[in-house]
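Here is how the chains run, residue by residue.
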Amino acid sequence: MALSRMRGGIALPLAVEGFARPFETLPLPSRLILPLIQDEGGLLEARVKKNDAVQAGQLIAENPQPHRASLHAPAAGKVVEIVSSFRDILGRLVPAVVIEPDVSTQRDESSAPEADPATLPTVLGMVDFDRRTQPLAAKLNDAAGRRIETLIVNALDQEPFLFSRGRLILEEGQALLQGIASLQRLLSPAKTVLVVESRVPAVRRAAAALAGGATHVFPLANRYPQAAARMLARAVLGAEIPYTAGVTVADIGGLIVDVEAVAALGRGRPLTQRFLTVSGGRGNLHNVRVALGTPIGRVLECCGIAPAAGGKIIAGGPMSGPAAADPGLPVTKETAGIYVQGPAEVNRPAEAVCIKCGLCVEKCPMRLMPFLIAGFSEKNRFDEAERYDLFACIECGCCAYLCPVGLPLLQFIRFGKQQILGRRKGA
Ligand code: SF4
Ligand code: SF4
């Protein structure tokens, strides 16, 4: 069994019961809200208008740039509104398509479109559901010009209390095999490695049953943030990826694609749903299959989870997911999970100063000086923050989680990045 080979990070107890919960298919809501930014590929252009009838899987928006991901109707119904300015979960103002679904129909009735395998990820609207949600076509296009020796299919869950990737190994084996075969045809890697949580015997057994030929299982103890690309590449390929802007795993002969994206590719249908863990705390865990555009509050209702006053809804995992200020915000391709924090868990900004304990430095998996880069960002000293490798931060949140005085280090770091990027855009 391979052990975590990551420096720093956090070992939290594994809630094994989360992997035992089968996916529940949630009912369609009365309205599906589909913002026209769904990944890092940028703004989509609507291809439908108000009052149009749509079929499940019909193209509703696409990106004029090449190698991006289109957007499709999650269900048959009617376009009731094109909102010109919808504030999404990251605070961006974007257009959105609102569909009133015909709840009497099944949402999964779309058929597989005819397309060249190389353009299929664009046509199907595929993304890689990683910490950064990237169009899968862009990632594959970037890899196409290089020699990919190892295709790494990542089934390690991104954060503690998320289990959907492990669960996909148990439930979606056939789609996963087909997705792996498609990627192998496109990339011709010498080997394919399926990385799974080593401490869950059922997941390991299910993964072993999928292995064969050039596909091997790589069990790994998932110490957070082991699933992040640089950490995973280091564990699997045994090589360090230097932090230099633009250097990726593909530069050392690997390509990491997450298991949900691979299974979606294998299903061959437009991407209109997400497989998510919804967590209301230990003992209240659900794995769900939910249509894109479903309001997060509706997902919680379906799971019988009522956020307590003073708590917080996180769209993602507890370590680094953004807070959903409004339960009416929809599930998008960027939603990694739903986690409800109780009032005691909410990390309130403290009137505190750094006591120089060094814990954040010791546990930073990117070997940064979080207290310094966060401190410079807080004081608007962005050049200095950048000199201390602000942009090498993978935003895992380990530093903020461990800081004994509760400094919101991750918030300061994100603030610094936004300010610098905003200034560069405006320059
Ligand atoms: S500085 Fe960034 S990479 Fe390092 S622990 Fe903090 S959030 Fe994670
Ligand atoms: S963990 Fe908190 S208190 Fe300790 S050095 Fe880092 S910022 Fe300072």
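Keep in mind that this is a model prediction, so the values were computed, not measured.

**Quick word on the site of ligand 2**
Taken together, 15 residues are adjacent to ligand 2, and Cys354, Cys357, Cys360, Phe371 and Cys403 come closest. Secondary structure elements with two or more residues in the shell around ligand 2: α9 (359-363) and α10 (370-378).

**Section: the site of ligand 1**
Ligand 1 sits among 15 residues. The nearest are Cys364, Pro370, Cys393, Cys396 and Cys399. Counting residues per element, the ones that place at least two in the shell around ligand 1 are α12 (398-402) and α13 (409-426). Ranked by residue count, the leading element in the shell around ligand 1 is α13, at three residues. Along the lines of polarity and charge, the residues of the shell around ligand 1 split into 13 nonpolar, one polar and one charged.

**A short note on the nonpolar core**
In terms of nonpolar packing, the biggest core is built from 127 residues, with Val153, Val195, Leu232, Val262, Val299 and Leu409 touching the most fellow members. If you count residues domain by domain, this core takes at least three from each of domain 1 (16-21 + 112-267) and domain 2 (359-426). In this view, Val262 contacts Val153, Leu176, Gly179, Ile180, Leu183 and Val257; residues no more than four positions away in its chain are not counted.

**Considering the domain arrangement of the protein chain**
Entries for the protein chain in the domain assignment read domain 1 (16-21 + 112-267) and domain 2 (359-426). Between the C-alpha centres of domain 1 and domain 2 there is a distance of 28 Å. Across the boundary between the two partners, domain 1 contributes seven residues, which contact seven residues of domain 2. Taken together, the residues of the side of domain 1 that touches domain 2 sort by class into five nonpolar, no polar and two charged.

**Topic: the environment of Met366**
Mapped onto the fold, Met366 is located in the loop between α9 and α10. Along the primary structure Met366 and Ile394 are separated by 28 residues, whereas in three dimensions their C-alpha atoms are 7.6 Å apart. Not counting residues within four places of it along the chain, the set of residues in contact with Met366 comprises Ala392, Cys393 and Ile394.

**A few points about unusual backbone geometry**
Cis geometry is found at the peptide bond from Tyr224 to Pro225, where omega equals 0°. With respect to the helices, strands and loops of the structure, Pro225 is situated in the loop between β13 (215-220) and α6 (229-237). Its identity as a non-glycine residue notwithstanding, His67 has a phi of 60°, on the positive side. Relative to the helices and strands, His67 is located in the loop between β5 (59-62) and β6 (71-72). What makes His67 partly exposed here is the crowd of 19 C-beta atoms within 10 Å. In this structure, Asp389 takes a positive phi of about 65° despite not being glycine. Classification of Asp389 as partly exposed rests on a count of 15 C-beta atoms within 10 Å.

**As for the packing of helix α3 (residues 164-171) against helix α5 (residues 201-210)**
The relative placement of two packed helices comes down to the angle between their axes together with the axis-to-axis distance. Direction vectors running N to C along α3 and α5 enclose 50°, while the axes themselves pass 8 Å from each other. It follows that α3 is oblique to α5 by the angle criterion. Judged by the sense of rotation from one axis to the other, the crossing of α3 with α5 is left-handed. Counted together, Gly166, Ile169 and Leu170 of α3 and Ala202, Val203, Ala206 and Ala207 of α5 form the full contact between these two elements. Across the contact of α3 with α5, the residue classes tally to six nonpolar, one polar and no charged.

**Concerning the packing of α3 against helix α7 (residues 259-267)**
Packing of α3 against α7 brings their axes to within 9 Å, and their N-to-C directions diverge by 35°. Contacts between α3 and α7 involve Arg165, Leu168 and Ile169 from the former and Val259, Glu260 and Ala263 from the latter. In terms of residue class, the contact of α3 with α7 is built from four nonpolar, no polar and two charged.

**Here's the deal with α7**
Count 3.6 residues to each turn of an α-helix, and residues three or four apart come out pointing the same way. Counting buried residues in α7 gives eight out of nine residues, a clear majority hidden from the surface. Every buried residue of α7 is listed here: Val259, Glu260, Ala261, Val262, Ala263, Ala264, Leu265 and Gly266. Backbone geometry just downstream of α7 places Gly268 in the positive-phi region, at approximately 70°.

**Let's talk about the pairing of strand β14 (residues 254-258)**
Within β14, five of the five residues are buried, leaving the element largely enclosed by the surrounding structure. What you see with β14 is no split at all: Gly254, Ile256 and Asp258 on one side and Leu255 and Val257 on the other are buried throughout. Taken together, the five bridges between strand β11 (residues 150-154) and β14 define a ladder with parallel strand orientation. Directly across from Thr150, in β14, lies its bridge partner Gly254.

**Focus on the sheet that holds β11**
Reading across the sheet, the four strands line up as β13-β12-β11-β14 and stay open at both edges, with parallel pairing between neighbours. Both edges of this open sheet fall to β13 and β14, since each of them pairs with a single strand only. Across this sheet, the average inter-strand angle for adjacent strands is 25°, counted without regard to direction. Running at roughly 155° to β11, helix α4 (residues 173-187) makes contact with β11, β12 (191-197), β13 and β14 of the sheet.

Cut-off values and rules
- Residues numbered from 1 in each chain as written.
- Chains lettered and ligands numbered in written order.
- Predicted model: local features only at pLDDT ≥ 70, side-chain atom pairs only at ≥ 80, totals over all residues.
- Near = placed C-beta within 6 Å.
- Helix = DSSP H or I, 4+ residues; strand = E, 2+ residues; numbered from the N terminus.
- Nonpolar A, V, L, I, M, F, W, Y, C, P; charged D, E, K, R; others polar.
- Core = buried A, V, L, I, M, F, W, Y, C linked by C-beta atoms within 7 Å.
- Buried ≥ 20, exposed ≤ 12 C-beta atoms within 10 Å, placed from the backbone.
- Domains from an automatic or database assignment.
- Contact = placed C-beta atoms within 7 Å.
- Axes fitted to C-alpha atoms, helices over the stretch in contact; angles between N-to-C directions.
- Parallel < 35°, antiparallel > 145°, perpendicular 65-115°, else oblique.
- Left-handed = near helix turned anticlockwise from the far one by under 90°.
- Pairing = 2+ DSSP bridges.

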